[in-house]
Amino acid sequence: MPTSTFTDLCHINVKGGDGGAGCMSFRREAFVPKGGPDGGDGGNGGSVVLECDPQLSSLIDYRYKHHFRATRGTHGQGARKHGKDGEDLVLRVPMGTVVRELDPATMQPVFDLADLTQPGERVVVAPGGQGGRGNIHFVTSVRRAPAFAEKGEPAVDHWIELEMKLMADAALVGMPSVGKSSLIAHLSAARPKIADYPFTTLVPNLGVVRAKSGESFVVADVPGLIEGASEGRGLGHEFLRHIERTALIMHVVDVTGGYEGRDPVEDYDTINAELAAYASELAERPQIVVANKVDMPDTEDAVQALRERAEADGRPFFAVSAVTGEGLDQLVSLTASEVTRLRAELAQAEPTEDHSAHYERQRQRRDRTINIERDHTGAWRVSGAALERMVVQTDWENDEAVLYLQHRFDRIGLDDKLAKHGARPGDTVRILGFEFTYEGDVDDDYSELEEAMLLLDDSEGEEDE
């Protein structure tokens, strides 16, 4: 796989479309003096959606273009004419793509959004803004002519990380220049760069291997690892990630010791230690030990020592030559049957399913979360997507709209939540760029506004939302 077309980690900026504003309108026509409100809703903005596409093999589409925007919704109009929704923007990614939210300040991953492993799986990474509701939604028995509507919600603009982890059945791992590329070239139709110096392979290569029995499996040639790879030495982290998804590890050891005259058994122990240090479950992953370059002279003692160590660890051992083909048929046959067995176990333990609905429920759960903390000035900062949506959709120039916002705060129990965090009457509460004063429990001396609030509470069941 050429280096110019392989990309396995990238950061992109995504933004859904803004929601359209709701309309504040009243029916006006001949012989209908009191037609009532008829403002239509604004359209919802389009969302940015990632979709898993098995035809893709890299993230190359996002290597040079980093900003993606969905279209906005249009505004509502009178006569109950609702605005048009914006169109979703669907970005296709290869199977095995992990999606993470990035901290805007540090650009470091904060939490996982999805792990797309099945064809057609989807996750919304930038939901479109909700369209504002027209004034037809705010009619109650005591509020017959609401003179306000909601603004459209601005969509969130943020950065995400896409990381592709190869989805191979087996991974060829080992020190640099142990012959992994030669093996995959001999076993499959893959044609990686092959040379007699270390670090020839800089990107993973995939090949399909077919056994004489008719069974086939996908093998990945992962670039060589070195001691300290689990701590990021060399390109350790970038290469180790591709081993995580493989069902079987084919551990290739150069029995000649390479240019440095290394001890093959020490190489074997070093790579296993790095796998365990990077992810403890890799130490328990099924492994086949492959002694390569047995066609070279004076390798018998090294082969025997490595065989004894592998058998002591309970791992199958094969002595092969990628040049002459010695031992490769037996290696392919056992690997194919082992992969078939592991696939069956995995299918039985974890039935394949589309997690798109699960990712959407997770997003909605995060959306409803309300976070309260005290800043250095002593003010209470309140955040949460759903709560902030209420604020940004409020027309602050309209007293009725502000009154309705306070009513919505009461319905979600915001005052109670602030009280549980220790808020006291008179404290400042900040949501986005707006400041409120926390009043706490009210006494019998109600203001005119508070009386209106209570009246709204009593009639809430009659609202058309």
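The structure we're discussing is the one just above.
Residues numbered from 1 in each chain as written. Predicted model: local features only at pLDDT ≥ 70, side-chain atom pairs only at ≥ 80, totals over all residues. Heavy atoms only, no water.

### Notes on helix α4 (residues 300–312)
A turn of α-helix holds 3.6 residues, and therefore any two residues three or four places apart point the same way. Rule in force here: By definition, any uninterrupted DSSP run of H or I lasting at least four residues is a helix, any uninterrupted run of E lasting at least two residues is a strand, and each is numbered from the N terminus. Take the number of residues in a helix, subtract one, and multiply by 1.5 Å to get its expected span. Each residue gets one of three labels from its accessible area relative to the maximum for its type: buried under 20%, exposed over 50%, partly exposed in between, using a 1.4 Å probe on protein chains only. Within this analysis, the arc is defined by the directions that extend from the helix axis to the C-beta atoms. Two residues qualify as a contact provided that any one of their heavy atoms is within 4.5 Å of a heavy atom in the partner residue.
Here α4 contains 13 residues, and its C-alpha end-to-end distance of 18 Å stays within 8% of the 18 Å for a straight helix at 1.5 Å per residue. Of the positions making up α4, those classed as buried are Ala302, Val303, Leu306 and Ala310. Buried residues in α4, looked at end-on, bunch into an arc of 95 degrees, giving them a common side. Looking at α4, the residues exposed on the side facing more than 90 degrees away from the buried face are Glu300, Asp301 and Ala312. Where α4 is buried, its residues meet β12 (248–254), α3 (264–278), β13 (287–292) and β14 (317–319).

### Comments concerning the packing of aromatic side chains
Just so we agree on the cut-off: By convention, a stacked pair of Phe, Tyr or Trp rings (six-membered ring in the case of Trp) has centres within 6.5 Å and planes under 30 degrees apart, an edge-to-face pair has planes over 60 apart, and any other such pair is tilted.
The full count for this structure, using the stated rule, is seven aromatic pairs. Pairing Phe138 with Tyr404 gives two aromatic rings, centres 5.0 Å apart and planes at 65 degrees, and the pair type is edge-to-face. Of this pair, Phe138 sits in the loop between β7 (122–126) and β8 (157–164) while Tyr404 is found in helix α8 (residues 399–411), placing the two residues 266 residues apart along the sequence. Pair check on accessibility: Phe138 and Tyr404 agree, each one buried. Consider the rings of Phe148 and Tyr404, whose centres lie 5.8 Å apart with planes at 40 degrees: the pair is tilted. Placement of the pair is Phe148 in the loop between β7 and β8 and Tyr404 in helix α8, with a sequence separation of 256 residues.

### Section: the sheet that holds strand β16 (residues 380–383)
Where we set the bar: Two strands are said to pair when DSSP picks up at least two bridges between them. Fitting a line to C-alpha atoms yields each axis, with helices limited to the stretch in contact; the angle taken between N-to-C directions then spans 0 to 180 degrees.
Read from one edge to the other, the open sheet built from four strands follows the order β15-β16-β17-β18, with strand pairing classed as mixed. Among the strands making up the open sheet, the edge pair consists of β15 (371–374) and β18 (434–437). Across the sheet, the axes of successive neighbouring strands diverge by a mean angle of 25 degrees, strand direction being ignored. Across four bridges, the pairing between β15 and β16 is antiparallel. In the strand pairing of β16, Glu373 is matched with Arg381.

### So, the nonpolar core
Condition: Residues grouped as a nonpolar core are buried Ala, Val, Leu, Ile, Met, Phe, Trp, Tyr and Cys residues, joined through side-chain atoms within 4.5 Å.
If you look at the biggest cluster of nonpolar residues, it comprises 36 residues, and the most contacted ones within it are Leu183, Val219 and Leu331. Only β9 (170–173), α1 (180–187), β11 (216–221), β12, α3, β13 and α5 (328–349) provide two or more residues apiece to this core. Sorting elements by how many residues they give to this core places α5 first, with six residues. Among residues more than four places away in sequence, those in contact with Val219 are Ala168, Ala170, Leu172, Ile184, Asn205, Leu206, Gly207, Val209 and Met250. In terms of nonpolar packing, the next biggest core, distinct from the first, is built from 23 residues, Cys52, Ala114, Ala126 and Met164 among them.

So, to be careful, I would describe these as geometric facts and stop short of saying anything about function.
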